[in-house]
Amino acid sequence: MIPAAFDYQKPKTVDEAIAALSGSNSKILAGGHSLLPAMKLRLSQPSKLVDINGISALKGIKEEDGEIVIGAASTHADIAGDRIIKSKLAFFSEGALLIGDVQVRNHGTIGGSLAHADPASDWPALVLAADGAIEVQGKNGKRRIKATDFFTGLFSTALQENEIIIAVRVPVPPEGTKATYQKLSHPASRFAIVGCAVVRFADGKTNIAFTGVADHAFRASNTETAVSGKAINEDVIATATNTAVQGVIFLSDHHASAEYRKHLTKVYLKKALQVIT
Ligand SMILES: Cc1cc2nc3c(=O)[nH]c(=O)nc-3n(C[C@H](O)[C@H](O)[C@H](O)COP(=O)(O)OP(=O)(O)OC[C@H]3O[C@@H](n4cnc5c(N)ncnc54)[C@H](O)[C@@H]3O)c2cc1C
């Protein structure tokens, strides 16, 4: 449980962090709640850690040009307690409070969670359902990646080598939007066995995203079509839950079998649809 030796740098700006990352087997250190356990098990052996906790530009939450901008180094607790989030994106606050325990919420960051892309983590489903985008910066400058293009597989993302997530950008939901996040938590870690985020806009357009179900979080586009623009009643819920499990390769592990996850996918989608009705 002792990690291999590594160098450590704590830059003050994103540019310094990008320079510190280049040309070596370096890794960004944010909350350390996924990276440090992996290093202790020697599953990850970076030669250098670039600690981003001293970069003030990566912290804070603001509203800008019709978007809510969440600094990548914002902790789950920062987001849960933020005034803008509570008033305009309340389901992010509710989702953040379902993550881990107090210690995890005080250290783990949204950027670290998205970059790590654990198939059972909560932020991917929330950001996907909210039509969010991930803003990243690397040696070639900044770019935005739609959440729908970001998660590419098990612990895999569209991040290129040495790119840093600098912020998460979410359109301010229009008046009349309803949203919820429903999950079955693992009883010890509280990671999602299955999590379902639903955002329904006033015109009936409905976004649905799952985590914990497959090797990465995803938007359930066929299910969205089955629900969007329709009054949510028992028939629509039945069609939606049946559609949601079609074509999915369900995860199976010692926490839950594929068959159980399939069942939970239906149950948690139904719960979410009932909450926003
Ligand atoms: C006991 C326990 C319970 C947990 N329960 C839950 C839960 O219920 N739900 C849940 O969703 N999560 C849970 N987590 C995960 C936790 O919430 C963290 O979000 C997660 O560990 C990653 O965030 P971090 O800031 O700790 O990242 P780190 O561990 O510091 O980094 C993780 C990875 O992301 C990279 N990285 C970090 N920041 C950036 C960035 N800005 N740009 C690019 N790459 C970056 C790192 O290099 C590393 O590869 C749990 C963790 C623990 C230890």
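The rules we used
- Residues numbered from 1 in each chain as written.
- Predicted model: local features only at pLDDT ≥ 70, side-chain atom pairs only at ≥ 80, totals over all residues.
- Heavy atoms only, no water.
- Helix = DSSP H or I, 4+ residues; strand = E, 2+ residues; numbered from the N terminus.
- Buried < 20%, exposed > 50% of the residue type's maximum accessible area, 1.4 Å probe, protein only.
- Areas by Shrake-Rupley, 256 points an atom, 1.4 Å probe, with all protein chains shown as cover.
- Lys, Arg positive; Asp, Glu negative; His and termini not counted.
- Charge placed at Lys NZ, Arg CZ, Asp CG, Glu CD.
- Near = heavy atom within 4 Å.
- Polar contact = N/O pair within 3.5 Å; in protein donor to acceptor, adjacent residues only side chain to side chain.
- Arc of directions from axis to C-beta.
- Contact = heavy atoms within 4.5 Å.
- Phe/Tyr/Trp six-rings, centres within 6.5 Å; stacked < 30°, edge-to-face > 60°.
- Core = buried A, V, L, I, M, F, W, Y, C linked by side-chain atoms within 4.5 Å.
- Domains from an automatic or database assignment.
- Salt bridge = Lys/Arg side-chain N within 4 Å of Asp/Glu carboxyl O.
- Axes fitted to C-alpha atoms, helices over the stretch in contact; angles between N-to-C directions.
- Parallel < 35°, antiparallel > 145°, perpendicular 65-115°, else oblique.
- Left-handed = near helix turned anticlockwise from the far one by under 90°.
- Nonpolar A, V, L, I, M, F, W, Y, C, P; charged D, E, K, R; others polar.
- Pairing = 2+ DSSP bridges.

With respect to the overall build of the chain
(1) Moving on: Assigned secondary structure in the chain consists of 12 helices and 14 strands.
(2) Moving on: The proportion of buried residues among the 277 residues of the chain is 51%.
(3) Moving on: Within the structure as shown, the chain displays about 12,900 Å² of accessible surface, and the carbon and sulfur contribution to it stands at 51%.
(4) Moving on: Averaging the coordinates of the 30 positive side-chain charges in the chain and doing the same for the 27 negative ones gives two points 2 Å apart.

Comments concerning the site of the ligand
(1) Moving on: As a matter of local geometry, the ligand sits amid 32 residues, with I28, S34, T109, D122 and R190 nearest to it.
(2) Moving on: Within the backbone of S189, an N or O atom sits 3.0 Å from a nitrogen atom of the ligand.
(3) Moving on: For the ligand, the accessible surface in isolation is 970 Å², of which the surrounding protein chains cover 90%.
(4) Moving on: Of all the secondary-structure elements, those providing two or more residues to the shell around the ligand are β2 (26–29), α7 (110–116) and β10 (164–171).
(5) Moving on: Sorting elements by how many residues they give to the shell around the ligand places α7 first, with four residues.

What to know about helix α11 (residues 234–244)
Structurally, the α-helix is built with 3.6 residues per turn, so residues lying three or four positions apart point the same way.
(1) Moving on: Restricting attention to buried positions, one finds in α11 the residues V236, I237, A240, T241, T243 and A244. For α11, the angular spread of buried residues about the axis comes to 160°, placing them on one side. α11 presents E234 and D235 as exposed residues on the side facing more than 90 degrees away from its buried surface.
(2) Moving on: Contact partners of the buried residues in α11: β13 (206–211), α10 (221–227) and α12 (258–276).
(3) Moving on: Residue N233 occupies the N-cap position of α11, its side-chain oxygen lying 3.1 Å from the main-chain nitrogen of D235.

Here we look at the packing of aromatic side chains
Given two aromatic rings, their pairing is described by the distance between the two centres and the angle made by the two planes.
(1) Moving on: Following the criterion strictly, the structure yields four aromatic pairs and no others.
(2) Moving on: Geometrically, the ring pair formed by F150 and F151 is edge-to-face, given 5.1 Å between the ring centres and 85° between the ring planes.
(3) Moving on: Through pairs of rings, three or more aromatic residues link up here, namely F91, F92 and W123.

Quick look at the nonpolar core
(1) Moving on: Of all hydrophobic cores here, the largest spans 39 residues; its most connected members are I70, F91, F92, L114 and W123.
(2) Moving on: Element by element, the count of residues in this core is highest for helix α8 (residues 123–129), at six residues.
(3) Moving on: Looking at which domains feed residues into this core, each of domain 2 (61–171) and domain 3 (178–276) gives three or more.
(4) Moving on: Residues contacting F92, with those up to four places away along its chain left out, are I70, I79, I85, W123, L126, V127, A130 and V170.
(5) Moving on: Formed by 26 residues, the second largest nonpolar core is a distinct cluster that contains V194, V198, V213 and I232.

Topic: the pattern of salt bridges
(1) Moving on: In this structure the tally under the stated criterion is 11 salt bridges.
(2) Moving on: Across the pair R219 and D131 runs a salt bridge, and its minimum N-O distance is 3.0 Å. Of this pair, R219 sits in strand β14 (residues 218–219) while D131 sits in the loop between α8 and β6 (133–138); the two residues are 88 residues apart in sequence, bridging distant segments of the chain.
(3) Moving on: With relative accessibility at 34%, the residue D131 sits in the partly exposed group.
(4) Moving on: Of the charged contacts, one joins R169 and E135 as a salt bridge, the two residues approaching to 2.8 Å between their closest N and O atoms. Note that R169 is positioned in strand β10 and E135 in strand β6, a separation of 34 residues in sequence.
(5) Moving on: If you follow the salt bridges from partner to partner, you end up with K62, E64, E67, E135, R144 and R169 in one network.

Re the packing of α11 against α12
(1) Moving on: Following both chains from N to C, one finds α11 and α12 inclined at 140°, their axes separated by 9 Å at the closest point. Taken together, α11 and α12 sit at an angle that is classed as oblique. For the pair α11 and α12, the crossing hand works out as right-handed. Contacts from I237, A240, T241, N242 and A244 in α11 reach T265, K266, L269, K270, L273 and Q274 in α12.
(2) Moving on: Broken down by class, the residue content of the contact of α11 with α12 amounts to five nonpolar, four polar and two charged.

Re the sheet that holds strand β3 (residues 48–51)
(1) Moving on: Across the sheet, which stays open at both edges, the three strands sit in the order β1-β3-β2 with parallel pairing between neighbours. Of all strands in the sheet, those bounded by a partner on one side alone are β1 (7–9) and β2. Within the sheet, the average angular offset between the axes of one strand and its neighbour, ignoring direction, is 25°.

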